[in-house]
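Observations on the model geometry
Chain residues, written in single-letter form:
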Amino acid sequence: MKFEDSRIFVRQAVRGTLGGNKPMDIRYTLRTVDSRLLYVISGKGEVTIDGITYCLSPGSVMLFKAGTPYMWNVAEMQFYIINFDYSDAFSFETGTFHPIHTENFNEADCFDCGEITDELRLNTPIVLKNASNLEPVFKLMAAEYAVGGRYSRELLSNAARTLVYSVLRYENESFDASADKSMPLVREIISFIGENIGTQISNNTIAERFHFNSSYINRVFKKHTGTTLHEYILGVRVDAAAEKLRSESTSVSEIAKLTGFSGAVHFTKAFKKRMGVSPTEYRNM
């Protein structure tokens, strides 16, 4: 099958704990009947897959297909785990399936989609480090799985596809010598700006946060986005303010503070330049 044409079925998306008072799966070779995506929230440990031992720490991501043998060596770890099939052929099996000790595993029970022909790397395990930008997607999926509701299955399927494509891209950027190594940095900066837009962030504070010279940060950011770091921050602030003006009754001056502007005059000037009208005019449109 082609991953491009796949219809992912998410069987489970939850937060879990390994080790501690749950030692039954430590130092045993395990296999699962469905495929797995895992994100490490906290704790450290090792996983051995196909004779290769990988060190795991917060921000690590693991992806492997159904039937893959693996072994944990973990004291205690918090993680998000996604159980899924690349095909929806077994979507009638809605229960969750615990990992099985390899000596008790039956190949016939495996929800195997066969060889993936367009993304061959998905046929073998992938373990990434420093993929913390993917945590919000795992967290969102766990919340969606817990709450459910209309279109939940479709939302979970699309989110899982996003994660798989993201894992493929992260791995390519990590190991392809021809890949631009600054792209992951730009993604981290964009994520940081979005999470801290209400604070007084600047080129210098971002440079300090990521331990690079501010000139270098601005140069690589413009290379990949086509805009300077300062212009991007202003744009994100104005867009956030516009959303608040549309949906909240908060005063214009308070919205300016909430979106990180130093004052009402600066806010009005930046807003009008980007939106073509003043904040008050925008709210009354």
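See the structure above.
Remember, it's a predicted structure, so these values are computed and weren't measured experimentally. (Residues numbered from 1 in each chain as written. Predicted model: local features only at pLDDT ≥ 70, side-chain atom pairs only at ≥ 80, totals over all residues. Heavy atoms only, no water.)

Each helix and strand in the protein chain was counted, giving nine helices and eight strands. If one aligns the C-alpha atoms of the protein chain with their principal axes, the spans along those axes are about 70 × 45 × 40 Å. Sequence-distant contacts, at least 24 apart, represent 75% of the contacts inside the protein chain between residues at least 6 apart. Carbon and sulfur atoms make up 52% of the accessible area of the protein chain, which totals about 15,000 Å². Looking at charge distribution, the protein chain has the averaged site of its 32 positive side-chain charges lying 9 Å from that of its 33 negative ones. (Helix = DSSP H or I, 4+ residues; strand = E, 2+ residues; numbered from the N terminus. Contact = heavy atoms within 4.5 Å. Areas by Shrake-Rupley, 256 points an atom, 1.4 Å probe, with all protein chains shown as cover. Lys, Arg positive; Asp, Glu negative; His and termini not counted. Charge placed at Lys NZ, Arg CZ, Asp CG, Glu CD.)

Attention now goes to the packing of helix 6 (residues 229–247) against helix 8 (residues 264–275). Look at helix 6 against helix 8: their axes get within 10 Å of each other, and the N-to-C directions meet at 90°. Considering the angle they form, helix 6 stands roughly perpendicular to helix 8. Contact with helix 6, carried on its side by Leu234, Gly235, Val238, Asp239, Ala241, Ala242 and Leu245, involves His266, Phe267, Ala270, Phe271, Arg274 and Met275 of helix 8 and no other residues of that element. (Axes fitted to C-alpha atoms, helices over the stretch in contact; angles between N-to-C directions. Parallel < 35°, antiparallel > 145°, perpendicular 65-115°, else oblique.)

Even without glycine at this site, Asn130 takes up a positive phi of about 55°. One can find Asn130 in the loop between strand 8 (126–128) and helix 1 (135–147). Even without a glycine there, the phi angle at Tyr151 is positive, about 70°. Note that Tyr151 resides in the loop between helix 1 and helix 2 (152–175).

The description of an aromatic ring pair rests on the distance of the ring centres and on the angle between the ring planes. Per the counting criterion, the structure on display carries 15 aromatic pairs. Their ring planes at 65° and their centres at 5.2 Å tell us that Phe221 and Tyr232 sit as a pair that is edge-to-face. With a gap of 11 residues between them, Phe221 in helix 5 (residues 214–225) and Tyr232 in helix 6 connect regions that are remote in the sequence. On the accessibility criterion, Tyr232 (23% relative accessible area) is partly exposed. Chaining the aromatic ring pairs together yields one cluster made of Phe3, Phe84, Tyr86 and Tyr165. A cation over an aromatic ring shows up here: Arg161 above the ring of Phe3, its NZ or CZ 4.9 Å from the ring centre. Between the NZ or CZ atom of Arg209 and the centre of the ring of Phe210, over which it lies, the distance is 4.7 Å. (Phe/Tyr/Trp six-rings, centres within 6.5 Å; stacked < 30°, edge-to-face > 60°. Buried < 20%, exposed > 50% of the residue type's maximum accessible area, 1.4 Å probe, protein only. Lys NZ or Arg CZ within 6 Å of the ring centre and 35° of its normal.)

This part covers the pattern of salt bridges. In the structure shown here, the tally under the stated rule is nine salt bridges. With a shortest N-O distance of 2.9 Å, Asp88 and Arg7 are connected by a salt bridge. Within this pair, whereas Asp88 is found in the loop between strand 6 (70–85) and strand 7 (100–101), its partner Arg7 is found in the segment before strand 1 (9–19), the two being separated by 81 residues in sequence. The shortest N-O distance in the salt bridge between Arg274 and Asp239 comes to 3.1 Å. Of this pair, Arg274 sits in helix 8 while Asp239 sits in helix 6, placing them 35 residues apart in sequence. You can call Arg274 partly exposed: its relative accessible area is 47%. For Asp239, a relative accessible area of 36% translates into the label partly exposed. (Salt bridge = Lys/Arg side-chain N within 4 Å of Asp/Glu carboxyl O.)

Turning to the pairing of strand 4 (residues 52–56), a few remarks are in order. Bridging between strand 3 (residues 35–49) and strand 4 involves five bridges; their strand directions are antiparallel. Within strand 4, the residue paired with Gly45 across the bridge is Leu56. As consecutive antiparallel partners, strand 3 and strand 4 are separated by two residues, and within that stretch Asp50 has a phi angle of approximately 55°, a positive value. (Pairing = 2+ DSSP bridges.)

By secondary structure assignment, the location of Ser35 is in strand 3. Residue Ser35 is classed as buried on the basis of its relative accessible area of 3%. Not counting the four nearest positions on each side in its chain, Ser35 is found in contact with Phe64, Lys65, Ala66, Ile82, Asn83, Phe84, Asp85 and Tyr86.

A separate point is the packing of helix 5 against helix 6. Running from N to C, helix 5 and helix 6 cross one another at 70°; their axes reach a closest spacing of 9 Å. One way to sum up the angle between helix 5 and helix 6 is to call them roughly perpendicular. Taking contact as the criterion, the partners of Ile217, Asn218 and Phe221 in helix 5 are, on helix 6, Leu229, His230 and Tyr232. Tallied by class, the residues present in the contact of helix 5 with helix 6 amount to four nonpolar, two polar and no charged. (Nonpolar A, V, L, I, M, F, W, Y, C, P; charged D, E, K, R; others polar.)

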